[in-house]
Amino acid sequence: MQRFKAALAVAMCLSLLAPTEVTIAQDAPQAAARFVPQINPPHSLPSPSDQRILHALNRFTFGPRPGDVDAVQSIGLERWFDEQLHPANLDESVLNARLAQFPAMQSSSEDLLYRLPSNAVIRRAIDGKIPVPAQATLHAVYENQMVRVAEKKQDKQAANSAAPAGNSMTSPPAMAATPSIAYSLLTNLHGSQHQAIDKDQAANAMNMTRAADTSPAIDPAQVSKVLALQPQQRVSRLLSMQPAEANQFFKSLRGPQRATLVAGLSPAMKEDVNALENPQHTVVEELMAQRLTRDIYSNAQLQEVMTDFWLNHFNVFLHKNEATPYYVVSYERDVIRPHSLGKFEDLLQATAHSPAMMLYLDNAESIGPESPLAEKAKLNAARNPLKNKKAPQGLNENYARELMELHTLGVNGGYTQADVTQVARILTGWTVDRPQRGGVFKFDPSRHEPGVKKVLGKKFKDNNEREGRDLLHMLATRPATAHFISRKLAIRFVSDDPPQSLVDRMAKSYMKSNGDIASVLRTMFHAPEFWTPGVYRAKVKTPLEFVVSAARACNADLANLQTLANALRDMGMPLYGAVPPTGYKWDAADWVSTGALVTRMNFALSLAANRLPGITTKWSAPASDAISPQNPEVEEARLEFLMIGGGISNSTRAAVLQQFAAQSQTPAPAPSTGDAQSMQVYASPRQQNRVAPANALEKQDQILAGLLLGSPEFQRR
């Protein structure tokens, strides 16, 4: 089986890197043959054979859902596209109901770090620099994490002090204490008065807890008793646990027990329970879950596609430091999504003022060489040359360089290294207030470099923060920026190597509209280059596009979004996971390989067969003449239309039939030279099982659907 999948993946690689081949069986049922392998002229009237709708859905959404083609056809493609450009007018009640599962995603960075503390916040609590909240749930969250962080620290220290190879590791002496004593000491130290505690006292308390926490995992019967409690009682029991007991309880959970633990809980209660185990993971998991929920269920699909585009263009790596996930929540929600279809300059200004960007590209640390802060440091060093005091950071050019190279002008945008340095000087003082505690952007004049700067021949007078705003305006309105942004949009929506004529037309629209993103997209939508047959299915889906489009095509009900997040990680494209500021690439060559396509095929088969935890799909159609033993081929055609929408090639059909026969335990079909014969063989497994029980037929439907999801045609958009 694995060898066959590998062979199929090799064939898929060749198919994906070759020009598209789309054929429809001449005698196939009309449901599968409604599309033709040619995109109609841009201004032709809508008709049942209009492939333009499918093309638009594949480019401006994360993939069509069942019924989307008919829905667009009913209102007209022009009206549908106009509605997508105005997402505020679309009904998102279904989406909003699902997003209510993630209450933390509505919080500010500061509130998130307080309610779901990072390890850095917990370390400050251990050191007595901040108080532990008195509120019961937060008190338990902090103390659980204080024990957890202390355990990790001790484990690391023990590893560092390990004896040479061959000798046993030195064990720290045990301290005569019980978990309850350690817990009481922690509670007394922090108490309701929020008093600061002595660092040695805190360390001793943690050592006592760690030393006492040598008991084996909680008895499985005790775990079962907690899981059997009613929701409110379950949460109360967890809150009453001492830190050592709580940590052991969570470590003892196995497989489905984690789902049982939060079953029946309200979103707020579920968040509290998850925070008791790991508040940092709670933030990351909710962030990814809400993102996937929007991509899959939002009716404002163009806005979500553009949010993905700009998150990649203005990339921020999720794990830059411990505070970054907390800032990325606001970055996506308040900076990227609201500006995704507006003016580019507004988006540029918003990203430049975002703490997430300031911290990711280190501008928050940048200090002008002749700024008041730098001059003060020089003076102190001259007065006290023997005093070993750490000097403040100097000028940091990271953000200045990426601002010009990646965000605006492009690598060939006409700037020099001297321009980069001057941009960095202009942006000194742009920093973050209390970065480890969720602070906001602030301009610090003591860090700002004084004097006149010159960028791309334009002088910028000493004007504090206004200098940076004027700089961003200049960069946003340059023709080089118009071409750079237009080309990136054309690569995303049209082809890996878009026609220069299209890019020029989009750039002209950008300049004429003062950088209005919607106007640029509208120009692209109406351009003949967008509708040429050569661009139909010319783009290979990224892992994100593949996973989301598969979930949408399946009309999947998703109770566990982490499953999809894990799949994206396995495919090499974790959400918010691009480390370099360049973000992920869109070219087919970056995503097409035998190993990658085997991974995709395995995902497709698991998704269709309902083998992914927390995800449900249903393939069997209602009982009707359409799927009767007298007409079994119709359901296969229905599935092909549902998953592909435009038919599959002869080579794909042969590969799918062979694999279908193997997994259905039916004789392999004879080689076929024509679509008519292909369709006859295509139906034969169902004909051989026409008296099989319904669940057997459903299993075959699942196999067929999984193979179609993994086919080269579905890998393209």
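Let me begin by describing the structure that accompanies this report. Since this is a predicted model, take the numbers as computed values, not measurements. (Residues numbered from 1 in each chain as written. Predicted model: local features only at pLDDT ≥ 70, side-chain atom pairs only at ≥ 80, totals over all residues. Heavy atoms only, no water.)

Digging into the packing of aromatic side chains
Item 1. Inspection of the entire model under this criterion finds 17 aromatic pairs.
Item 2. With 5.0 Å between their ring centres and 55 degrees between their planes, Phe-60 and Phe-81 make a pair best called tilted. Of this pair, Phe-60 sits in helix 2 (residues 52-60) while Phe-81 sits in helix 4 (residues 77-84); the two residues are 21 residues apart in sequence, bridging distant segments of the chain.
Item 3. Pairing Phe-81 with Phe-525 gives two aromatic rings, centres 4.0 Å apart and planes at 5 degrees, and the pair type is stacked. With Phe-81 in helix 4 and Phe-525 in helix 27 (residues 517-526), this pair connects stretches of sequence that are 444 residues apart. Across the pair, exposure class does not vary: Phe-81 and Phe-525 are buried alike. (Phe/Tyr/Trp six-rings, centres within 6.5 Å; stacked < 30°, edge-to-face > 60°. Helix = DSSP H or I, 4+ residues; strand = E, 2+ residues; numbered from the N terminus. Buried < 20%, exposed > 50% of the residue type's maximum accessible area, 1.4 Å probe, protein only.)

Observations regarding the pattern of salt bridges
Item 1. Counting across every chain of the model gives 33 salt bridges.
Item 2. With a closest N to O distance of 3.3 Å, Glu-545 and Arg-717 form a salt bridge. Taken together, the residues Glu-545 in helix 28 (residues 543-553) and Arg-717 in the segment after helix 35 (712-715) connect sequence positions 172 residues apart. The two residues Glu-545 and Arg-717 agree in class, both being buried.
Item 3. One salt-bridge network, in which partners are shared between bridges, spans Glu-110, Asp-433, Arg-434 and Lys-442. (Salt bridge = Lys/Arg side-chain N within 4 Å of Asp/Glu carboxyl O.)

As for the packing of helix 4 against helix 27
Item 1. Where helix 4 meets helix 27, the closest approach of the two axes is 11 Å, and the angle between their N-to-C directions is 160 degrees. The orientation of helix 4 relative to helix 27 falls into the category roughly antiparallel. Note that helix 4 runs across helix 27; the crossing there is right-handed. Residues Leu-77, Glu-78, Phe-81 and Asp-82 of helix 4 pack against Leu-521, Arg-522, Phe-525 and His-526 of helix 27.
Item 2. Residues belonging to the contact of helix 4 with helix 27 are distributed by class as follows: four nonpolar, one polar and three charged. (Axes fitted to C-alpha atoms, helices over the stretch in contact; angles between N-to-C directions. Parallel < 35°, antiparallel > 145°, perpendicular 65-115°, else oblique. Left-handed = near helix turned anticlockwise from the far one by under 90°. Contact = heavy atoms within 4.5 Å. Nonpolar A, V, L, I, M, F, W, Y, C, P; charged D, E, K, R; others polar.)

A word on the layout of surface pockets
Item 1. Estimated volume of the largest pocket: approximately 1100 Å³.
Item 2. The leading source of residues in the lining of the largest pocket is helix 15 (residues 267-277), at six residues.
Item 3. Tallied by class, the residues present in the lining of the largest pocket amount to 11 nonpolar, 10 polar and 12 charged. (1 Å grid on protein atoms, 1.4 Å probe; cavity = no way out; pocket = protein on both sides within 12 Å on 5 of 7 lines; lining within 4 Å. Points joined across faces, edges and corners; volume = space filled by probe spheres on them.)

Structural notes on the packing of helix 16 (residues 279-297) against helix 18 (residues 324-339)
Item 1. Closest axis-to-axis distance for the helix 16/helix 18 pair is 9 Å, and the angle between their directions is 25 degrees. Looking at the two axes, helix 16 sits roughly parallel to helix 18. Of the two possible hands of crossing, helix 16 and helix 18 adopt the one that is left-handed. Counting all contacts with helix 16, which are made through Pro-279, Gln-280, Val-283, Val-284, Leu-287, Gln-290, Arg-291 and Arg-294, the residues of helix 18 involved are Pro-325, Tyr-326, Val-328, Val-329, Glu-332 and Arg-337.
Item 2. Within the contact of helix 16 with helix 18, the residues separate by chemical class into eight nonpolar, two polar and four charged.

As for unusual backbone geometry
Item 1. A positive phi angle, close to 50 degrees, is found at Leu-456, a residue other than glycine.
Item 2. Positive phi, normally seen in glycine, also occurs at Arg-537, with a value near 55 degrees.
Item 3. Within the secondary structure, Arg-537 sits in the loop between helix 27 and helix 28.
Item 4. Taking the relative accessible area as the measure of exposure, Arg-537 reaches 3% and is therefore buried.

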